[in-house]
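Structural characterization, general
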Amino acid sequence: AQSVSQHNHHVILSEAASLELGCNYSYGGTVNLFWYVQYPGQHLQLLLKYFSGDPLVKGIKGFEAEFIKSKFSFNLRKPSVQWSDTAEYFCAVNARAGNNRKLIWGLGTSLAVNP
Amino acid sequence: DGGITQSPKYLFRKEGQNVTLSCEQNLNHDAMYWYRQDPGQGLRLIYYSQIVNDFQKGDIAEGYSVSREKKESFPLTVTSAQKNPTAFYLCASSIRDRLNEQFFGPGTRLTVL
């Protein structure tokens, strides 16, 4: 069965620190990969996505993620975090083959950025 | 403005009562989804619908029911059979050929007393 693992459940950083949130998935076929973000009191929204092409994808607010197929990973990065990045971050994966049209979600990582 | 609305934002019910959560979208999306979000458990899929008058069970459908009579609407009923109904419920939708990229509503927090 497909699964998504987010290694860090809670991360606390100071402003200007660099961020990397891990995401690994278990599926051997072609995948679509997503990072969603849920800011306090706001809707869950798409941060970035990978469908094909350049494995380094850029998202909103300076976030980027790199798809490494050999490692089944899609880690989220930001060089310098801000207090406003405090949020919950979810990695999600969907296999493109067959009729599987469900997103498989990681458990989320709660990021707190101290000013 | 296009988007997904869920109402109410907070809902309280007595144990043993059925309750229906509303989800409406004006994005002209074919597919709609219901998730349950619990602390530390991520998002778990309850039901989803790819077209009107059709829906499929997700991973935790027991104790829930849905209908999809209109493209814009996908109400979720939490029945008395759901053993632990207190949770945050999220509705989402997507374009049919981009079913992976989902747009979310603000959620309804249901508390069963």
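Throughout this document, residue positions are counted from 1 along each chain, in the order its sequence is written. Working convention: letters from A go to chains and numbers from 1 go to ligands, in the order in which they are written. Where totals are concerned, whole chains, interfaces and linings use all residues; where local detail is concerned, this predicted model gives features only for residues with pLDDT of at least 70, and gives and counts side-chain atom pairs only at 80 or more. Side-chain descriptors were evaluated using all non-hydrogen atoms of the structure, hydrogens and water having been removed beforehand.

Below, the discussion takes up the layout of surface pockets. Gaps left between atoms show up when a probe the size of a water molecule is rolled over them. With a 1 Å grid laid over protein atoms only, a set of points is called a cavity when a 1.4 Å probe fits there but cannot get out and a pocket when it is open yet has protein on both sides within 12 Å along at least five of seven lines; lining residues have an atom within 4 Å of a point. Grid points are joined across faces, edges and corners, and a volume is the space filled by probe spheres set on the points. Computed from the structure, the largest pocket encloses a volume of approximately 560 Å³. Taken together, 26 residues form the lining of the largest pocket, with Gln38 and Glu88 of chain A together with Gln37, Phe88 and Arg109 of chain B sitting closest to its centre. With three residues, the single largest contributor to the lining of the largest pocket is strand E10 (residues 87–95) of chain A. Residues were grouped as follows: Ala, Val, Leu, Ile, Met, Phe, Trp, Tyr, Cys and Pro as nonpolar; Asp, Glu, Lys and Arg as charged; and all remaining residues, including Gly, as polar. For the lining of the largest pocket, the per-class residue count stands at nine nonpolar, 13 polar and four charged. Helical segments are the DSSP runs of H or I of at least four residues, strand segments are the runs of E of at least two, and each set is numbered from the N terminus.

Next up on the list: the interface of chain B and chain A. Only heavy atoms matter for contacts: two residues are in contact if any of them lie within 4.5 Å across the pair. Every contact between the two is made by 23 residues of chain B and, on the other side, 17 residues of chain A. A side-chain nitrogen of Lys or Arg and a carboxyl oxygen of Asp or Glu constitute a salt bridge if their distance falls within 4 Å. At the junction of chain B and chain A, the tally comes to one salt bridge. Residue Lys49 of chain A pairs with Glu101 of chain B through a salt bridge whose shortest N-O separation is 2.8 Å. Two N or O atoms form a polar contact when they lie within 3.5 Å of each other; inside protein one atom must be a possible hydrogen donor and the other a possible acceptor, and for residues adjacent in sequence the pair counts only when both atoms belong to side chains. At the boundary of chain B and chain A, one finds five residue pairs in polar contact (both at pLDDT 80 or more). Counting only elements with at least two residues in the side of chain B that touches chain A, the list comes to strand E4 (31–37), strand E5 (43–51) and strand E9 (87–94) of chain B. No other element matches E5 of chain B, which puts four residues into the side of chain B that touches chain A.

Classification of ring pairs rests on two measures: the distance between centres of Phe, Tyr or Trp rings, Trp counted by its six-membered ring, which must be within 6.5 Å, and the angle between planes, read as stacked under 30 degrees, edge-to-face over 60 and tilted in between. In total, this model carries 16 aromatic pairs over all chains according to the counting rule given. Each member of the aromatic cluster is reached from another via a ring pair, and the members are Phe34, Tyr36, Phe51, Phe90 and Trp105 of chain A together with Tyr33, Tyr35, Tyr48 and Phe104 of chain B. Lying across the ring of Phe51 of chain A, Lys49 of chain A places its NZ or CZ 5.7 Å from the centre. Positioned over the ring face of Phe74 of chain B is Arg68 of chain B, at 6.0 Å from the centre of the ring. A ring is considered to have a charge above it if a Lys NZ or an Arg CZ atom is located within 6 Å of its centre and within 35 degrees of its normal.

What follows covers the state of the cysteines. Two cysteines joined by a covalent bond between their sulfur atoms form a disulfide. Two cysteine sulfur atoms make up a disulfide if the distance between them is within 2.5 Å. Following the criterion strictly, the structure yields two disulfides over all chains and no others. The disulfide partner of Cys23 of chain A is Cys91 of chain A, and the S-S distance across this bridge is 1.9 Å. Because the torsion about its S-S bond is -65 degrees, the bridge between Cys23 of chain A and Cys91 of chain A counts as left-handed. Taken together, the positions of Cys23 of chain A in the loop between strand E3 (19–21) and strand E4 (24–26) and Cys91 of chain A in strand E10 put the pair 68 residues apart, joining distant regions of the chain. Residue Cys23 of chain A shares its accessibility class with Cys91 of chain A, and that shared class is buried. Each sulfur in the disulfide pair Cys23 of chain B and Cys91 of chain B lies 1.8 Å from the other. One disulfide, between Cys23 of chain B and Cys91 of chain B, carries an S-S torsion of -75 degrees and so falls in the left-handed class. Here the residue Cys23 of chain B occupies a position in strand E3 (residues 19–25), and Cys91 of chain B occupies one in strand E9, the gap between them amounting to 68 residues. When a residue's accessible area, from a 1.4 Å probe over protein chains only, is under 20% of the maximum for its type it is buried; when over 50% it is exposed; and in between it is partly exposed.

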